[in-house]
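Now for the letters of each chain:
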Amino acid sequence: MAVTQGNLITDLTRIIQDTSYDDTEQLSFLNQAMQEVAGHPSVLLQDLETEDDLTTSTTNPYTALPSNYQKNLFYVYNASKYWEVAIRASLGDMLRRYHKLDQSGSISSLTIRGRYLHYQRIPSSAETLEVHYYRKPYDMAAL
């Protein structure tokens, strides 16, 4: 049997036994709990695995991550050059390998810093990166 939003609110009402919380407030609590569980670093929910294509810049060594990116970039494929791109642990790791992040050429290595995907080298023409990661869960809609 599939769990529905209505089932969750019914169960929550039974558990908390406090009628001062209406369905809208309970739904807000359920959405918050879902975001917190899905956002925990050690929790990887298979249904949140997704992929997206990013187009790189030809002037900057970075591009914005997808708006639904939550965590754990686990695979990147350079669709323009037909090879897997190495994912580095940090920007510091990238700097140790390249010294400066301004070298030109095809992308061979990248990392995440904030809401950006930093890569090295900077291509002379835009490249398409197929990124695989865990997205943010969608909020359950109001009843």
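A closer look at helix H3 (residues 91–98)
When H3 is considered as a whole, its buried residues turn out to be Leu91, Asp93, Met94 and Tyr98. Each buried residue of H3 sits inside an arc of 155° when the element is viewed along its axis, so together they form one side. In this structure, the buried residues of H3 make contact with strand S6 (109–113) and strand S7 (116–120). Here H3 starts with a cap whose side-chain oxygen sits 3.3 Å from the backbone nitrogen of glycine 92, and that cap is serine 90. Positive phi shows up at histidine 99, right after H3, with a value of about 70°.

With respect to the pattern of salt bridges
As enumerated under the stated definition, the model contains 2 salt bridges in all. For aspartate 11, the salt bridge goes to arginine 14, with nearest N and O atoms at 3.5 Å. Residue aspartate 11 and its partner arginine 14 are both found in helix H1 (residues 5–16); the two are separated by 3 residues, about one turn of the helix. Residue classification places aspartate 11 among the partly exposed positions, given a relative accessible area of 35%. Its salt-bridge partner being aspartate 93, residue arginine 97 comes within 3.3 Å of it at the nearest N-O pair. Taken as a pair, arginine 97 and aspartate 93 lie in helix H3 at a separation of 4 residues, close to a single helical turn. The buried category is assigned to aspartate 93, whose relative accessible area is 14%.

Remarks on the packing of H1 against helix H2 (residues 23–39)
One can describe the packing of H1 onto H2 by two numbers: an axis separation of 10 Å at closest approach and a directional angle of 100°. It follows that H1 is roughly perpendicular to H2 by the angle criterion. On the side of H1, the interface is formed by Gln5, Leu8, Ile9, Leu12, Thr13 and Ile16, while H2 contributes Asp23, Gln26, Leu27 and Leu30. Each residue belonging to the contact of H1 with H2 can be placed in one class, and the counts come to 6 nonpolar, 3 polar and 1 charged.

Topic: the environment of glycine 39
Assignment of secondary structure puts glycine 39 in helix H2. Distance in space between the C-alpha atoms of glycine 39 and aspartate 11 is 23 Å, their sequence separation being 28 residues. If near-sequence neighbours (up to four positions away) are discounted, glycine 39 is found in contact with Gln70 and Lys71.

Parameters and conventions
- Residues numbered from 1 in each chain as written.
- Predicted model: local features only at pLDDT ≥ 70, side-chain atom pairs only at ≥ 80, totals over all residues.
- Heavy atoms only, no water.
- Buried < 20%, exposed > 50% of the residue type's maximum accessible area, 1.4 Å probe, protein only.
- Helix = DSSP H or I, 4+ residues; strand = E, 2+ residues; numbered from the N terminus.
- Arc of directions from axis to C-beta.
- Contact = heavy atoms within 4.5 Å.
- Polar contact = N/O pair within 3.5 Å; in protein donor to acceptor, adjacent residues only side chain to side chain.
- Salt bridge = Lys/Arg side-chain N within 4 Å of Asp/Glu carboxyl O.
- Axes fitted to C-alpha atoms, helices over the stretch in contact; angles between N-to-C directions.
- Parallel < 35°, antiparallel > 145°, perpendicular 65-115°, else oblique.
- Nonpolar A, V, L, I, M, F, W, Y, C, P; charged D, E, K, R; others polar.

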